[in-house]
Amino acid sequence: AQTVTQSQPEMSVQEAETVTLSCTYDTSESDYYLFWYKQPPSRQMILVIRQEAYKQQNATENRFSVNFQKAAKSFSLKISDSQLGDAVMYFCAYRRGSGGSNYKLTFGKGTLLTVNP
Amino acid sequence: IAGITQAPTSQILAAGRRMTLRCTQDMRHNAMYWYRQDLGLGLRLIHYSNTAGTTGKGEVPDGYSVSRANTDDFPLTLASAVPSQTSVYFCASRMDREAPQQFFGPGTRLTVL
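Let me sum up the structure you'll find in this document. (Residues numbered from 1 in each chain as written. Chains lettered and ligands numbered in written order. Predicted model: local features only at pLDDT ≥ 70, side-chain atom pairs only at ≥ 80, totals over all residues. Heavy atoms only, no water.)

## Concerning the interface of chain B and chain A
In this complex, chain B contributes 27 residues to the contact, which on the side of chain A involves 21 residues. Here chain B is connected to chain A by one salt bridge. The salt bridge involving A:Lys104 is made with B:Glu59; its shortest N-O contact spans 3.4 Å. Counting across the chain B and chain A interface gives eight residue pairs in polar contact (both at pLDDT 80 or more). Taken together, the elements giving at least two residues each to the side of chain B that touches chain A come down to β4 (31-38), β5 (42-49), β9 (87-94) and β11 (108-112) of chain B. If one sorts the elements of the side of chain B that touches chain A by residue count, β5(B) sits on top with four residues. Here the side of chain B that touches chain A is composed, by residue class, of twelve nonpolar, ten polar and five charged. (Contact = heavy atoms within 4.5 Å. Salt bridge = Lys/Arg side-chain N within 4 Å of Asp/Glu carboxyl O. Polar contact = N/O pair within 3.5 Å; in protein donor to acceptor, adjacent residues only side chain to side chain. Helix = DSSP H or I, 4+ residues; strand = E, 2+ residues; numbered from the N terminus. Nonpolar A, V, L, I, M, F, W, Y, C, P; charged D, E, K, R; others polar.)

Rendered as C-alpha cells:
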C-alpha cells in the first residue's frame, strides 16, 4: 500500500523568506501523481501544485515550486517570498496513475506553517 | 452553484442516531469520494463511486454506507452514529476516475456525543 509521510508537523518562516516542506512517499508504482494541498481555517482543501511522475521537470506555480526526486521518493514544496496568508496547513498527497479500481488520494498527516511578521 | 456543496455545515448528533451527510456536485463529474479528516491522521477514504450506480469501499468504510443514484448526488449515511465517528467529512469529485485533479467540498463537521 502507498504511504505518504510528512515528517514536519509544524514549520515556521519569516515573512518574505523561503521555506521548504518535506514529503516522502512509498510506492511500487511507476505511474502516479503527487499533489500539495493547502487547508485554510475555512476547511476548504485547495490544490497548490501537482506533479506527474513521468515529468522530470519540477512543477512551479507562482511562488510555489516542488523538488521532485523520483528515485528518492521525495516531493518537497518550496514557498518563496512567504506571506502571512501562507500560514495554513499543507498536505502532501499521492495518487496512482492507472490500473486500479479507484484513484483515491493518499494523504500525509499535514504540516502546519507559521509565518512570522 | 458551481462546484461541490455539502450539507449540513456542522452537526451535533446523539450516539445511536442515524445521519445522512449530503453531497451534490454540478460539474457532471463521474467519480466521487468521501473522506474523513481527523487530527493527526490526515484524510482517509471512506467510500467512493467511479460512476452513477456503482460504489466501492475505501480504507475506513465500517459504520458508513453510500449510494449513487445519479451523477450529481453522493450521500453518506451513518446508520447508528458512534463517538469515534466525530470528524470532519469531505466530499470530493473528479471528472472520471483517471482524471488527475480532484475537487473538494467545504466539509461537514460532525460531533457524535
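## Here we look at the sheet that holds strand β1 (residues 4-7) of chain B
All names here are of chain B. One open sheet accounts for four strands, arranged β1-β3-β8-β7; its pairing is antiparallel. What marks the edges here is a single partner per strand, and that holds for β1 and β7 (64-66). Direction aside, the axes of adjacent strands within the sheet are offset by 20° on average. Two strands pair when backbone bridges link them, and β1 and strand β3 (residues 19-25) are joined in this way by four bridges, in the antiparallel orientation. Its bridge partner lying in β3, Ile4 is registered against Gln25. (Pairing = 2+ DSSP bridges. Axes fitted to C-alpha atoms, helices over the stretch in contact; angles between N-to-C directions.)

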